[in-house]
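One-letter residues, chain by chain:
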Amino acid sequence: MELLDKLNWRYATKSMNGNVVPEEKVERILEAARLAATSSGLQPFEITVVKNKELKEKIREVGWNQSVITESSHLLVFAAWDTYTEERINYMFDLTNEIRGFKSEGWENYRQQLLNSYPQKDAEENFNHAAKQAYIALGHALIAAAYESVDATPMEGFDAEAVDQILGLRAKGLRSTVLLPLGYRNEDEDWLSGLVKVRKPMKDLVTTID
């Protein structure tokens, strides 16, 4: 019940008060994102944490001038791989073998299956697939932030190419997909503060097939 209470508490905060989120809370939110499930366990994304005021100002300029970007304590930028490559796939499989301390024939066969599939696909198709994985991690971060009583606002309203340029993401083979400002709500300035959360009733959302 505690987690559900926290999820009822959270909302897409439209104004933050500039107070700093303790680093240990941010680290736990990032760890939750790191632990997210991803297709084939490839984790095809990276997260840039922006604390620098000048950079946040630049991102706000290409983010529909949304004040929450600069009012946030930490701005998380989720960026997906621009495509899947043999190097990227092999890195994750090699890392798994190293950490687990053994190789599995089935696992190595699966590696080859991915190598014979993803790198041959269109880069845009691969990026769209990777972006979906980044959104799974975003969901984990949102839940973790609520659990930590930290406000968070998922944002797609920004010029992704401009953000990529500001943060030098394209040079790393990354493309920004979604922003997540972290901070604390400014109840006096946020028109959403205090409003009842509205969601579909369960009967309109879930169909159970016995």
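Bear in mind the structure is a predicted one, so any value in this text is a computation, not a measurement. (Residues numbered from 1 in each chain as written. Predicted model: local features only at pLDDT ≥ 70, side-chain atom pairs only at ≥ 80, totals over all residues. Heavy atoms only, no water.)

Some remarks on the layout of surface pockets
(1) Moving on: A volume near 300 Å³ is recorded for the largest pocket.
(2) Moving on: Lining the largest pocket are 14 residues; nearest its centre among them are Gly41, Gln43, Met92, Leu95 and Thr96.
(3) Moving on: Examining the composition of the lining of the largest pocket, we find that 6 residues originate from one element, helix 5 (residues 86–100), more than from any other. (1 Å grid on protein atoms, 1.4 Å probe; cavity = no way out; pocket = protein on both sides within 12 Å on 5 of 7 lines; lining within 4 Å. Points joined across faces, edges and corners; volume = space filled by probe spheres on them. Helix = DSSP H or I, 4+ residues; strand = E, 2+ residues; numbered from the N terminus.)

Some details on the environment of Gly101
(1) Moving on: With respect to the element layout, Gly101 can be found in the loop between helix 5 and helix 6 (105–115).
(2) Moving on: The exposed category is assigned to Gly101, whose relative accessible area is 63%.
(3) Moving on: Counting along the chain gives 31 residues from Gly101 to Thr70, while the straight-line C-alpha distance between them is 45 Å. (Buried < 20%, exposed > 50% of the residue type's maximum accessible area, 1.4 Å probe, protein only.)

Considerations on a nonpolar patch on the surface
(1) Moving on: A cluster of nonpolar side chains, Leu3, Ile143 and Tyr147, forms an exposed patch at the surface whose accessible area comes to about 260 Å².
(2) Moving on: Along the chain, Ile143 turns up in helix 7 (residues 123–147).
(3) Moving on: Of the residues examined, Ile143 reaches a relative accessible area of 39% and is grouped as partly exposed. (Patch = residues over 30% accessible without salt bridge, like charges linked within 9 Å, V, L, I, M, F, W, Y side chains within 5 Å. Areas by Shrake-Rupley, 256 points an atom, 1.4 Å probe, with all protein chains shown as cover. Salt bridge = Lys/Arg side-chain N within 4 Å of Asp/Glu carboxyl O.)

Thoughts on the sheet that holds strand 1 (residues 45–50)
(1) Moving on: One open sheet holds the 4 strands; their spatial order is 1-2-4-3, and the pairing between them is antiparallel. Sheet topology places strand 1 and strand 3 (151–152) at the edges, where each strand pairs with a single neighbour.
(2) Moving on: Where strand 3 lies against strand 4 (residues 174–183), 2 bridges are found, and the strand directions are antiparallel. Bridging across to strand 4, Ala152 finds its partner in Leu182. (Pairing = 2+ DSSP bridges.)

Regarding the packing of helix 3 (residues 53–61) against helix 8 (residues 160–167)
Two measures define how a pair of helices packs: the angle their axes make with one another and the distance between the axes.
(1) Moving on: Between helix 3 and helix 8, the shortest axis-to-axis distance is 9 Å and the interhelical angle comes to 160°. Relative to helix 8, helix 3 is oriented roughly antiparallel. The element helix 3 and its partner helix 8 pack so that their crossing is right-handed. Note on element contacts: helix 8 touches helix 3 through Val163, Ile166 and Leu167, opposite Leu55, Lys58 and Ile59. (Axes fitted to C-alpha atoms, helices over the stretch in contact; angles between N-to-C directions. Parallel < 35°, antiparallel > 145°, perpendicular 65-115°, else oblique. Left-handed = near helix turned anticlockwise from the far one by under 90°. Contact = heavy atoms within 4.5 Å.)

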